[in-house]
Amino acid sequence: MSASSDHQDSVFSHVVQAPEDPILGVTVAYNKDPNPIKLNLGVGAYRTEEGKPLVLNVVRQAEQMLVNDQSQVKEYLPIIGLSDFNKSSAKLIFGADSNAIQENRVTTVQCLSGTGSLRVGAEFLARHYHEHTIYIPQPTWGNHPKIFNLAGLSVKPYRYYNPQTRGLDFQGLLEDLGAAPSGAIVLLHACAHNPTGVDPTLDQWEQIRQLMRSKGLLPFFDSAYQGFASGSLDADAQSVRMFVADGGECLAAQSYAKNMGLYGERVGALSIVCKTADVASRVESQLKMVIRPMYSNPPIHGASLVAVILKDRDLYNEWTVELKAMADRIISMRKQLFDALQAKGMAYKLLFILVIHCTPGDWSHIIKQIGMFTFTGLNTEQVAFMTREYHIYMTSDGRISMAGLNSRKVPHLADAIHAAVTSIA
Amino acid sequence: MLPPSSYFYMMGNFGLQILVIVISFLQSLGRITMAVAVDVSQFESITMAPPDPILGVSEAFRADTHEMKLNLGVGAYRTEELQPYVLGVVKKAENLMLERGEFKEYLPIEGLAAFNKATAELLLGADNPIIKQQRIATVQGLSGTGSLRLAAALIERYFPGAKVLISSPTWGNHKNIFNDARVPWSEYRYYDPKTVGLDFDGMISDIKAAPEGSFILLHGCAHNPTGIDPTPEQWEAIADVIQEKNHIPFFDVAYQGFASGSLDADASSVRLFAARGMELLVAQSYSKNLGLYAERIGAINVVCSSADAAARVKSQLKRIARPMYSNPPVHGARIVANVVGDPALFSEWKEEMELMAGRIKSVRQKLYDSICAKDKSGKDWSYILKQIGMFSFTGLNRAQSDNMTDKWHVYMTKDGRISLAGLSAAKCEYLADAIIDSFYNVS
């Protein structure tokens, strides 16, 4: 048999080249760009003022502790992961005094960051829940529909973002959820909506809660920015806690990628709040059946770091300070970008040029939006222009990651946006 | 006496008042209903899933207080003192990583490039032309399980209806993986209980009978659970029939270097197939050979007939990984890349692997010697010596295995499998007694 197979048909001949992931592909393109002025505002990874990635001090300390600890081994974790991590994660999101936790009505399983938690939760629902439709906000994180579809759920939109106001289309949201069949699953961003940065107010959350409970809609929270959005862990969990306080059921996917800077370690948790402890225990047993044939048990390193930090009073406090510093830097970037755009007199130019598109002529949405991302309102052509001419990398929906911005680069970004809106309609 | 119209007026008024009261009551009910969730759980009908058969063994062991208890269910290496073992090179690599102050940014979807390169080279040999020709697609996966799952999803999407043939018996989780990935599977004969050896003719026959273009799941070395591997000549014959039927070989390599102590020797089956120009899938794990169990580090490799095919396959594997977990964990991948990439650490790793494999071979020998010394019946126990790897199929049936646990406090799986990794030299005699008793006194 010849070792050369040039003439041999591959069994994979029919496998086509997949396009790069729209979000992660931005970094791929950025890395390929040789121009030194390039700026990566694509993926939501925090950068310092010096433009460098950041590993939190508490994380470094926790890592040193683990390495020094002779009793640390690398034995398989249980299928549902590290027990201390699970308990601490539940307390973090639901509150240490949560009734649901005290009544043992919550099952929490360690998963692979936010994505993994969403996928395990969705697979579970596709197998065991009577409704197989999940409603997702328009727009939402690009990976959401793929996760749910592959898990076996069908995806329907609910109105969320109003491009005219660059704010929440609350009426549309209420109408669409109001029209959903009883029992349908609803994806909710706990805070710092991705990609828009537009969050409901607490009053609006209460109305959403009432509507959902009256229709028996099942909430599935995606909490990827707790503490990172406002700087306060408790404030960023209010929406979730509201739904748990009423005694009802919900799912919550938690990620430590951003708030602990543990991106590549893939640390997260899926919690399911159930009516009774008995139900929670049965649900947990079925979650194991989803996990075991997917990856058997989760990775230990990141979860160990989180557990150490959450359980140590000093480290925990230090963490909250580092978290607030990151959130504050992002808020300051928003202010600086807004000021720079204002300074360019864009407000008036925009009113003039864009009135035909009914776009408001100001950039105040940049400071009103919350979290890592800003929905600039730029269209795909304008985005392509910014990449081509200014080497600024962002997703084609006009989303930029404020976490990737620093003071030195603000003028360059403001120039690029100005050029994009003035040369392309 | 009031005029009739007044009575109507009064009744209407009264009725209105009743109406108002009723409406208020209903409204308040409505408010309560809207504010509080339904009383019955949405998950009420969910049943309790059965416990995992393998992990359940360890749980039972922990609960046992008997001083002679022995856990031979565990699929993880133990030292002679029956302690878990973190390899010296792993500790060194972790210290290096900490000193360097590595960042924790997202890996690309396909994983750490240095890890993928090292993995492909370990598997095929660094000078293998396949690597130079870029005909291998390597994607970092979540250890063996995660890598198998990526491959299963690829099969489901691009080879709809194609079957995977798995050995009878095989690792318990294989069928779960293919079930969840919705890939149909069937078994090929493998273990012959009469000889406690390989049912080679049955194996060949069943592979031949499978529909053309099936995927044949093969254990690269140290078959789990039997420890029975084909000989090199048998591997050639297996490759022949697979080529004849245009099947696609799908290797599960969980013990490279851990089985014999030699990385190259343990990869010989895979290399044999690759050298024939065959396209193949290989799921790899570093759980055992680098002791990185909980770090979940492995890879799925697809050897293709062209670089173009490999690139396309890789892109589709990424498309499967992204909605499952986005990108893989960095820690274990860095450890592997550091160990394999540093000549001194790589050397040291090979020594530690020889030590682990050596300890297992030596307890295997000691167990055999102990059994032969105690059993004067002339029964041939040599199959214990011929088996390879962490596990041994004792030949005990279910009732006999239960006796091992109930009477002797030896914990093992019901199929008669024991993990030699959990056996110390000091306990060989005790185990020999238990095996002999169970074999002869229990049917």
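Residues numbered from 1 in each chain as written. Chains lettered and ligands numbered in written order. Predicted model: local features only at pLDDT ≥ 70, side-chain atom pairs only at ≥ 80, totals over all residues. Heavy atoms only, no water.

Just so we agree on the cut-off: UniProt positions are given in the numbering used here, feature names are shortened, and annotations may be inferred rather than shown by experiment.
As recorded by an unreviewed UniProt entry, chain B carries the name Aspartate aminotransferase and is attributed to Escallonia herrerae. Taken directly from UniProt, the Catalytic activity (unreviewed entry) text for chain B runs: "L-aspartate + 2-oxoglutarate = oxaloacetate + L-glutamate".

Chain A is annotated in an unreviewed UniProt entry as Aspartate aminotransferase from Escallonia herrerae. Word for word, the UniProt comment on chain A under Catalytic activity (unreviewed entry) is "L-aspartate + 2-oxoglutarate = oxaloacetate + L-glutamate". For chain A, the Subunit (unreviewed entry) comment in UniProt is given as "Homodimer."

### As for the overall build of chain A
Rules: Runs of H or I in DSSP of at least four residues are treated as helices and runs of E of at least two as strands, each being numbered from the N terminus. Both definitions apply: the radius of gyration is a C-alpha atom measure, and the globule rule equals 2.2 Å times residues to the power 0.38. Using a 1.4 Å probe on the protein chains alone, a residue whose accessible area is under 20% of its type maximum counts as buried, one over 50% counts as exposed, and one in between counts as partly exposed. By definition, residues are in contact when any of their heavy atoms lie within 4.5 Å. Calculation of accessible area relied on Shrake-Rupley with a 1.4 Å probe; when residues are assessed, cover is drawn exclusively from the protein chains displayed. Here Asp and Glu are counted as negative and Lys and Arg as positive; His is not counted, and neither are the chain ends. To locate a charge, the coordinates of NZ of Lys, CZ of Arg, CG of Asp or CD of Glu are taken.
Each helix and strand in chain A was counted, giving 16 helices and 13 strands. Rg of the C-alpha trace for chain A: 23 Å, near the compact-globule value of 22 Å for 425 residues, within the 12% margin. In terms of overall dimensions, chain A has a C-alpha envelope of 70 × 65 × 50 Å along the principal axes. Among the 425 residues that make up chain A, the fraction classed as buried is 63%. Put simply, 78% of the contacts in chain A that link residues at least 6 apart link residues at least 24 apart. In the form shown here, chain A has an accessible surface area of approximately 15500 Å², with 55% of it arising from carbon and sulfur atoms. The averaged location of the 40 negative side-chain charges in chain A is 1 Å from the averaged location of its 38 positive side-chain charges.

### A short note on the packing of helix 5 (residues 113–128) of chain A against helix 10 (residues 277–295) of chain A
All names here are of chain A. Rules: To get an axis, a line is fitted to the C-alpha atoms, and for a helix only the part in contact is used. The angle between two axes follows their N-to-C directions and goes from 0 to 180 degrees. Handedness of a helix crossing follows the sense of rotation of the near helix relative to the far helix, less than a right angle counterclockwise being left-handed and clockwise being right-handed. In this count, Pro and Cys sit with the nonpolar residues alongside Ala, Val, Leu, Ile, Met, Phe, Trp and Tyr, while Asp, Glu, Lys and Arg are called charged and the others, Gly among them, polar.
Running from N to C, helix 5 and helix 10 point in directions that differ by 115 degrees, and their axes come no closer than 10 Å. In this structure, helix 5 crosses over helix 10, and the sense of that crossing is right-handed. Contacts between helix 5 and helix 10 involve Arg119, Val120, Glu123, Phe124, Arg127 and His128 from the first element and Val283, Gln286, Leu287, Met289, Val290, Ile291, Met294 and Tyr295 from the second. Partitioning the contact of helix 5 with helix 10 into residue classes produces nine nonpolar, two polar and three charged.

### Side note on the environment of A:Glu249
Spelled out, the test is: For this analysis, a polar contact is any N or O atom pair within 3.5 Å, provided that within protein one partner can donate a hydrogen and the other can accept it, and provided that sequence-adjacent residues contribute only side-chain to side-chain pairs.
By the secondary structure assignment, A:Glu249 is in the loop between helix 9 (238–245) and strand 9 (250–255). Look at A:Glu249 and you get buried, because its relative accessible area is 5%. Counting along the chain gives 30 residues from A:Glu249 to A:Pro219, while the straight-line C-alpha distance between them is 7.6 Å. Apart from residues no more than four positions distant in its own chain, A:Glu249 is found in contact with A:Arg213, A:Leu218, A:Pro219, A:Val273, A:Cys274, A:Lys275, B:Ser41, B:Gln42 and B:Phe43. At 2.7 Å, the side chain of A:Glu249 forms a polar contact with the backbone nitrogen of B:Gln42.

### Points about the UniProt feature "domain: Aminotransferase class I/classII large" (unreviewed entry) in chain B
Within this numbering scheme, the UniProt entry marks residues 68–435 of chain B as carrying the feature "domain: Aminotransferase class I/classII large" (unreviewed entry). Between the end C-alpha atoms of residues 68–435 of chain B there is a gap of 14 Å, over a span that is 47% helix and 14% strand.

### Digging into empty space enclosed by the protein
Note the threshold: Only protein atoms enter the 1 Å grid used here. Points where a 1.4 Å probe fits but cannot escape make up a cavity, open sets with protein on both sides within 12 Å along at least five of seven lines make up a pocket, and a residue lines them when an atom lies within 4 Å of a point. Grid points are joined across faces, edges and corners, and a volume is the space filled by probe spheres set on the points.
The full count for this structure, using the stated rule, is five cavities of 30 Å³ or more. There is about 320 Å³ of room inside the largest cavity. Residue lining of the largest cavity: 26 residues in total, with A:Trp141, A:Asn194, A:Tyr225, A:Lys258 and B:Tyr106 positioned closest to the centre. The biggest single contributor to the lining of the largest cavity is helix 5 of chain A, with three residues.

### As for the pattern of salt bridges
Selection criterion: Salt bridge, as used here: a side-chain nitrogen of Lys or Arg that lies within 4 Å of a carboxyl oxygen of Asp or Glu.
This model, assessed by the stated rule, comprises 44 salt bridges over all chains. Its salt-bridge partner being A:Glu49, residue A:Arg329 comes within 3.1 Å of it at the nearest N-O pair. One end of the pair, A:Arg329, is in helix 12 (residues 313–343); the other, A:Glu49, is in the loop between strand 1 (39–40) and helix 2 (57–68), and 280 residues separate them in sequence. For A:Arg241, the salt bridge goes to A:Asp234, with nearest N and O atoms at 2.9 Å. Here the residues in one salt-bridge network are A:Arg60, A:Glu63, A:Glu265 and B:Lys104, joined through shared partners.

### With respect to the pairing of strand 7 (residues 185–189) of chain A
Residues and elements named next belong to chain A. Applicable threshold: When DSSP finds two or more bridges between two strands, those strands count as paired. Orient the strands so they point away from the viewer, and a crossover whose first-strand-to-second-strand path over the helix runs clockwise is right-handed.
With five of five residues buried, strand 7 is to be regarded as a mostly interior element. Here strand 7 shows no split at all, with Ile185, Leu187 and His189 on one side and Val186 and Leu188 on the other all buried. Relative to strand 7, strand 3 (residues 133–138) runs parallel, the two being bridged by two bridges. In the strand pairing of strand 7, Tyr135 is matched with Val186. Bridging between strand 7 and strand 8 (residues 218–223) involves five bridges; their strand directions are parallel. Across the sheet, residue Leu187 finds its bridge partner in strand 8, namely Phe220. Taking the sense of rotation as the criterion, the β-α-β connection linking strand 7, helix 8 (residues 202–214) and strand 8 turns out right-handed.

### Side note on the sheet that holds strand 9 (residues 280–285) of chain B
Residue and element names in this part refer to chain B. Spatial ordering of the open sheet is given by 2-10-9-8-7-3-4, a layout of seven strands whose pairing is mixed. Each edge of the open sheet carries a strand with a single partner, namely strand 2 (136–141) and strand 4 (185–189). Strand-to-strand twist in this sheet, taken as the mean axis angle between neighbours without regard to direction, amounts to 25 degrees. With two bridges connecting them, strand 3 (residues 164–168) and strand 7 (residues 215–219) associate as parallel partners. Directly across from Val164, in strand 7, lies its bridge partner Phe215. Across the sheet, helix 4 (residues 113–124) touches strand 2, strand 8 (248–253), strand 9 and strand 10 (298–303), and the angle it forms with strand 2 is around 120 degrees.

### Points about the environment of A:Pro219
All names here are of chain A. Tracing the backbone shows Pro219 in strand 8. For the pair Pro219 and Leu187, spaced 32 residues apart in the sequence, the C-alpha separation amounts to 6.2 Å. Excluding its chain neighbours within four sequence positions, the residues that come into contact with Pro219 are Val186, Leu188, Met212, Arg213, Phe243, Glu249, Cys250 and Leu251.

### Points about the interface of chain B and chain A
Our working rule: A simple way to read buried area is as the amount of 1.4 Å-probe accessible surface that goes missing from two parts once joined, with both sides added.
Of the residues lining the interface, 88 residues belong to chain B; the matching set on chain A comes to 94 residues. Surface buried jointly by chain B and chain A totals about 7700 Å² across both partners, of which 57% is contributed by carbon and sulfur atoms. When the buried surface of chain B facing chain A is broken down by residue, B:Phe43, B:Lys104 and B:Tyr106 rank first, second and third, together holding 11% of it. Along the contact surface separating chain B from chain A lie 11 salt bridges. Linking chain B with chain A are 46 residue pairs in polar contact (both at pLDDT 80 or more), by the criterion used here. Contributing elements (two or more residues each) for the side of chain B that touches chain A: helix 1 (4–35), helix 2 (53–63), helix 3 (88–100), helix 6 (143–158), helix 7 (173–180), strand 10, helix 12 (307–325) and helix 13 (330–341) of chain B. Taken together, the residues of the side of chain B that touches chain A sort by class into 44 nonpolar, 21 polar and 23 charged.

### As for helix 4 of chain B
Residue and element names in this part refer to chain B. Rules: For a helix, the expected span equals 1.5 Å multiplied by the residue count minus one.
Relative to the 16 Å expected for 12 residues at 1.5 Å per residue, helix 4 spans 17 Å between its end C-alpha atoms, a close match to the ideal helical length. Taken together, the buried positions of helix 4 are occupied by Phe115, Asn116, Ala118, Thr119, Ala120, Leu122, Leu123 and Leu124. The positive-phi residue at the C-terminal boundary of helix 4 is Gly125, with phi of around 95 degrees.

### Description of the nonpolar core
Our working rule: The term nonpolar core refers to a set of buried residues drawn from Ala, Val, Leu, Ile, Met, Phe, Trp, Tyr and Cys, joined through side-chain atoms within 4.5 Å.
Ranked by size, the top nonpolar core spans 147 residues in total, and within it A:Phe148, A:Phe220, A:Trp319, A:Met386 and B:Phe43 carry the most contacts. Of the residues forming this core, the biggest block, 10 residues, is contributed by helix 12 of chain A. Once you skip the residues sitting within four places of it in the chain, A:Phe148 turns out to touch A:Leu118, A:Ala122, A:Ile134, A:Ile136, A:Leu153, A:Val155, A:Leu187 and A:Phe220. Residues B:Ile130, B:Ile136, B:Leu272 and B:Met356 belong to the second largest nonpolar core, which totals 102 residues.

### Notes on the sheet that holds strand 7 of chain A
All names here are of chain A. Taken in spatial order, the seven strands line up as 2-10-9-8-7-3-4 in an open sheet, and their pairing is mixed. The open sheet has two free edges, formed respectively by strand 2 (106–111) and strand 4 (154–159), since each of these has just one partner strand. Strand after strand, the sheet turns through a mean of 25 degrees between neighbouring axes, direction not considered. Packed on one face of the sheet, helix 6 (residues 143–151) meets strand 3, strand 4, strand 7 and strand 8 and runs near 145 degrees to strand 4.

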